[in-house]
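Secondary and tertiary structure notes
As a plain string of letters, each chain reads:
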Amino acid sequence: MTPFQFQRAADSAGAVQAAAALTGARYLGGGTNLVDLMREGIEQPATLIDVSGLPAGIEETPEGGLIIDAAVRNTALAEHRGVRERYPVLARAILSGASGQIRNMATVGGNLLQRTRCTYFYDEAARCNKRMPGTGCDAREGFNRIHAILGASEGCVATHPSDMCVALAALGALVHLEGAGGRRTLPIVDLHRLPGDRPDVDTELRPGELITAVELPGLGSAARSTYRKVRDRASYAFALVSVAAVLDLAPDGTVRDVRLALGGVAHKPWRALRAEAALRGRPANAETFRVAAEAELADARPLRDNAFKIELARRVIVTTLGDLTGDRI
Ligand SMILES: Cc1cc2nc3c(=O)[nH]c(=O)nc-3n(C[C@H](O)[C@H](O)[C@H](O)COP(=O)(O)OP(=O)(O)OC[C@H]3O[C@@H](n4cnc5c(N)ncnc54)[C@H](O)[C@@H]3O)c2cc1C
Ligand code: SF4
């Protein structure tokens, strides 16, 4: 591992100041992703600014939502009573990821910014535009079973690995940021990027910006939500396809409102806006769900080894919505 300096931040302003002053500085959450990448020589920060000791609270907002500090550990978030009762989609997504030990260490901020699990990204002998811009993409013609079917580019076909982010996308969460230029808020769906011709840039964060919190909007009392993840093993595996769904049904059984997001299919958590449009106002039944899934996946483009993801995504969308409608379908 390349030698590096280490600092512990006392507060968010101090962390931002240190990041602005030090070339090659990076924030450190639980270290469960960044330290692995440093051990492999993929990332070589000159300084780590430890932000894992910053405030780690979960508070109610006046609008009936929750504001979650970025240093909250994944386990604490999944176990929080308000999350389990009002946002089961989020609790389920977190608990479907990694292992108990990793979730105990991993922070909310770090989970949002974890890097892709593309095997070529981790292999220094491989060509990878994300790791070494301009070198090419060995995944395109290589073994690409786990790669993207939506929104990919010539330059990169990687997927975003986070389960939590998929739930946050369906919940319409906001990400609170602090940087040298002040504070701002971004919808989570605008935090991550599609690869385009800059696969080396994962997010819309400005240099040195710190994630300080994530805000969940209040949900109507009729809203129900869930998360379904399909993977190669029952635990300790990333999603091949996952679906987060938030559904609000009218008394007559039609879809009053719905928010859907997909994981394991794109370079960012994929908000399924076409499917949502096809669902709103329609009867909540299997046929409607199938039509909505088809609409979302119409532009899916498989690679050599991952065409199965299109059919899998279709089925997981239908099944997940079925989970939420119970006896209605
Ligand atoms: C074996 C294994 C299996 C896993 N399986 C899953 C899985 O199934 N699903 C899943 O979702 N995840 C999975 N993970 C990933 C795990 O969830 C992430 O490693 C973890 O969430 C990262 O959080 P962290 O706090 O440790 O981040 P760190 O490793 O500390 O940091 C990650 C990145 O975030 C940046 N960062 C950290 N905090 C902030 C902040 N506040 N503001 C700005 N930047 C910040 C760091 O600079 C770094 O770039 C797995 C990990 C392992 C090792
Ligand atoms: S898919 Fe992206 S991360 Fe993977 S090798 Fe290609 S450029 Fe690198």
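Residues numbered from 1 in each chain as written. Chains lettered and ligands numbered in written order. Predicted model: local features only at pLDDT ≥ 70, side-chain atom pairs only at ≥ 80, totals over all residues. Heavy atoms only, no water.

As annotated in an unreviewed UniProt entry, the protein carries the name Xanthine dehydrogenase YagS FAD-binding subunit and is attributed to Aureimonas pseudogalii.

Looking now at the site of ligand 1. Near ligand 1 you find 32 residues, and of these Arg-26, Tyr-27, Thr-32, Thr-107 and Asp-163 are the closest. A distance of 2.5 Å is found between an oxygen atom of ligand 1 and a backbone nitrogen or oxygen belonging to Tyr-27. At 3.4 Å, a side-chain N or O of Gln-114 approaches a nitrogen atom of ligand 1. Contact with the protein chains covers 93% of the free accessible surface of ligand 1, which is 970 Å². Within the residue set of the shell around ligand 1, elements represented by two or more residues are strand S2 (25-28), helix H7 (108-112) and strand S8 (210-216). Looking at the shell around ligand 1 residue by residue, the class counts come to 14 nonpolar, 13 polar and five charged. (Near = heavy atom within 4 Å. Polar contact = N/O pair within 3.5 Å; in protein donor to acceptor, adjacent residues only side chain to side chain. Areas by Shrake-Rupley, 256 points an atom, 1.4 Å probe, with all protein chains shown as cover. Helix = DSSP H or I, 4+ residues; strand = E, 2+ residues; numbered from the N terminus. Nonpolar A, V, L, I, M, F, W, Y, C, P; charged D, E, K, R; others polar.)

Taken as a whole, the second largest pocket spans an internal volume of roughly 480 Å³. Looking at the second largest pocket, it is lined by 28 residues, and the ones nearest its centre are Arg-117, Ile-146, Phe-238, Ala-239 and Leu-240. (1 Å grid on protein atoms, 1.4 Å probe; cavity = no way out; pocket = protein on both sides within 12 Å on 5 of 7 lines; lining within 4 Å. Points joined across faces, edges and corners; volume = space filled by probe spheres on them.)

Under the counting rule described, the total for this entry stands at one cavity of 30 Å³ or more. If you add up the space inside the largest cavity, you get close to 80 Å³. Forming the walls of the largest cavity are 16 residues, and the residues nearest its centre are Cys-118, Cys-128, Cys-137, Cys-156 and Ala-158. Class assignment for the residues of the lining of the largest cavity results in nine nonpolar, four polar and three charged.

Grouped together as the largest cluster of nonpolar side chains are 38 residues, with contacts concentrated most on Leu-77, Leu-90, Leu-112, Leu-168 and Leu-216. Contributing elements (two or more residues each) for this core: strand S5 (66-69), helix H3 (74-79), helix H5 (88-95), H7, helix H9 (164-171), strand S6 (174-179), S8 and strand S10 (241-249). Ranked by residues supplied to this core, first place goes to H9 with eight residues. In terms of nonpolar packing, the next biggest core, distinct from the first, is built from 31 residues, Leu-249, Leu-260, Ile-317 and Leu-321 among them. (Core = buried A, V, L, I, M, F, W, Y, C linked by side-chain atoms within 4.5 Å. Buried < 20%, exposed > 50% of the residue type's maximum accessible area, 1.4 Å probe, protein only.)

Moving on, we come to the sheet that holds S2. Read across the sheet, three strands follow the order S1-S3-S2 without closing on themselves; strand pairing throughout is parallel. At either margin of the open sheet sits one strand with a lone partner, and together these are strand S1 (5-8) and S2. Sheet twist, expressed as the mean angle between neighbouring strand axes with direction ignored, is 25°. In this structure, S1 lies alongside strand S3 (residues 47-50), joined through four bridges in parallel fashion. Paired with Phe-6 across the strands is Leu-48, a residue of S3. (Pairing = 2+ DSSP bridges. Axes fitted to C-alpha atoms, helices over the stretch in contact; angles between N-to-C directions.)

Another aspect to go through is the pattern of salt bridges. Evaluation of the coordinates by the stated rule reveals 28 salt bridges. Across the pair Arg-193 and Glu-204 runs a salt bridge, and its minimum N-O distance is 3.9 Å. With a gap of 11 residues between them, Arg-193 in the loop between strand S7 (182-187) and S8 and Glu-204 in the loop between S7 and S8 connect regions that are remote in the sequence. Here Arg-193 falls in the buried class, since its relative accessible area comes to 18%. Two residues, Arg-315 and Glu-311, come together in a salt bridge whose shortest N-O distance is 2.8 Å. With Arg-315 and Glu-311 both in helix H12 (residues 308-325) and four residues apart, the pair spans about one turn of that helix. (Salt bridge = Lys/Arg side-chain N within 4 Å of Asp/Glu carboxyl O.)

Our focus in this paragraph is the site of ligand 2. With respect to spatial proximity, 13 residues lie near ligand 2, and among them Cys-118, Cys-128, Cys-137, Cys-156 and Val-157 are the closest. Because more than half of its atoms lie within 2 Å of the grid, ligand 2 is assigned to the largest cavity. Residue composition of the shell around ligand 2, grouped by class: nine nonpolar, two polar and two charged. (Sits in = over half its atoms within 2 Å of the grid points.)

Further remarks concern the side chain of Thr-203. Considering the arrangement of structural elements, one finds Thr-203 in the loop between S7 and S8. Classification of Thr-203 as buried rests on a relative accessible area of 14%. Of the polar contacts made by the side chain of Thr-203, one reaches the backbone nitrogen of Leu-205; its length is 3.2 Å. Apart from residues lying up to four places away in sequence, Thr-203 is in contact with Leu-113, Leu-191, His-192 and Arg-193. (Contact = heavy atoms within 4.5 Å.)

Neither face of S3 is exposed, since Thr-47 and Ile-49 on one face and Leu-48 and Asp-50 on the opposite face are all buried. As judged from the four bridges shared by S2 and S3, these two strands associate in the parallel manner. Considered in S3, the bridge of Arg-26 is made with Leu-48. Since S2 and S3 lie parallel, the crossover through helix H2 (residues 34-39) that links them has a hand, and here it is right-handed. (Right-handed = clockwise from strand over helix to strand, strands pointing away.)

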